Amino acid sequence: MPNVKLIVEYNGRSFHGWQKQPQLRTVQSELERVLKTIIRSPIGPLHAAGRTDAGVHARGQVVTFRVDEAPELWRIAQGVSHLMKGELAVVSAEVVPDDFHPGIMSTHKQYSYRILNRPTPAVLEAHMMWHIPHQLNLTLMREELRCLVGEHDFSSFRDSSCTAKSAVKTIYNVELERSDDVVTFRVVGSGFLKQMVRNIVGTISDIGRGRLHGRTMREVLDARDRRVAGVTAPAHGLTMDWVSYEPHDYGSRDRAS
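A. Focus on the environment of Val-56. Turning to its location among the elements, Val-56 is positioned in the loop between strand 2 (47-48) and strand 3 (57-66). The class for Val-56 is buried, based on a relative accessible area of 2%. Counting along the chain gives 182 residues from Val-56 to Leu-238, while the straight-line C-alpha distance between them is 5.4 Å. In this view, Val-56 contacts Tyr-10, Gly-12, Ala-235 and Leu-238; residues no more than four positions away in its chain are not counted.

This is the structure we're talking about:
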């Protein structure tokens, strides 16, 4: 049974997250529905590199599924994108080795979060940015974020409903840049706990506008207690950018994009 890998892009406001849920429209359920329509034969379960929450976007979500016979990859890419009517698109499709799993084998993931930092809210991109009208101290925020790089227990940034067995994750890089009124936070890590990135962004934003009662990011991290951290940033500012599988070589045997 061929193992088909897709890279998909989607607008999170159209879905109640990645994971299939009864009576709710999710990325997994809709993608499965249109794939069955296009392939016209049974497909195996869909596996993703990460379970994005409701409202979270993706530029490079990685998805795999199995089929009885090798499908026409170009038909999958074009057909899914057409049927999803601008809510989700298949950026590429390829057949990968049988043992490839998009979640288990990922080594690096990047998420980005956008903040509109000006007195007035966004109109054209309101669904893609968190509006913070108060002045942010970016110099302080960049300094405070440095302590997150490395392997740490991120319990302070873990949602109470997170079921991960361990809160220990490795962060490889964090960046904070400003272009005009838009502040973009980027983080690359081995993996992330539920709402971890949104809680980091909310906390550093509270520090940047003087709302965390003098606590530093290091103190929040070392506390390993969600109650000492800042607010949870809204989902609509967050995007899954890409997933990497280095140093593994899982190159395609066939590819369509």
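B. Region of the structure containing helix 3 (residues 138-145). Listed in full, the buried residues belonging to helix 3 are Leu-138, Met-141, Glu-144 and Leu-145. Taken around the axis of helix 3, the buried residues stretch over an arc of 125 degrees, which confines them to a single face. Along its buried surface, helix 3 packs onto strand 8 (168-179), strand 9 (182-189), helix 4 (196-208) and helix 5 (217-223). Where helix 3 begins, the side chain of Asn-137 points an oxygen toward the backbone nitrogen of Thr-139, at a separation of 3.3 Å.

C. Quick look at the packing of aromatic side chains. Taken as a whole, this structure holds five aromatic pairs when the rule is applied. A centroid spacing of 4.8 Å and a plane angle of 65 degrees characterise the contact between Phe-100 and Tyr-245, whose relative ring orientation is edge-to-face. Placement of the pair is Phe-100 in the loop between strand 4 (88-96) and strand 5 (108-116) and Tyr-245 in the loop between strand 10 (238-244) and strand 11 (254-256), with a sequence separation of 145 residues. The two residues Phe-100 and Tyr-245 agree in class, both being buried. Aromatic pair Tyr-113 and Trp-130: ring centres 6.2 Å apart, planes at 90 degrees, arrangement edge-to-face. Within this pair, whereas Tyr-113 is found in strand 5, its partner Trp-130 is found in strand 6 (residues 130-131), the two being separated by 17 residues in sequence. Just as Tyr-113 is buried, Trp-130 falls in that class too.

D. Spotlight on the environment of Arg-114. Looking at the secondary structure, you find Arg-114 in strand 5. Sequence spacing of Arg-114 and Ala-93 is 21 residues, and the spatial spacing of their C-alpha atoms is 28 Å. Within the structure, the side chain of Arg-114 is placed 3.3 Å from the side chain of Glu-125, a separation counted as a polar contact.

What counts and how
- Residues numbered from 1 in each chain as written.
- Predicted model: local features only at pLDDT ≥ 70, side-chain atom pairs only at ≥ 80, totals over all residues.
- Heavy atoms only, no water.
- Helix = DSSP H or I, 4+ residues; strand = E, 2+ residues; numbered from the N terminus.
- Buried < 20%, exposed > 50% of the residue type's maximum accessible area, 1.4 Å probe, protein only.
- Contact = heavy atoms within 4.5 Å.
- Arc of directions from axis to C-beta.
- Polar contact = N/O pair within 3.5 Å; in protein donor to acceptor, adjacent residues only side chain to side chain.
- Phe/Tyr/Trp six-rings, centres within 6.5 Å; stacked < 30°, edge-to-face > 60°.

That is the geometry; function is a separate question.
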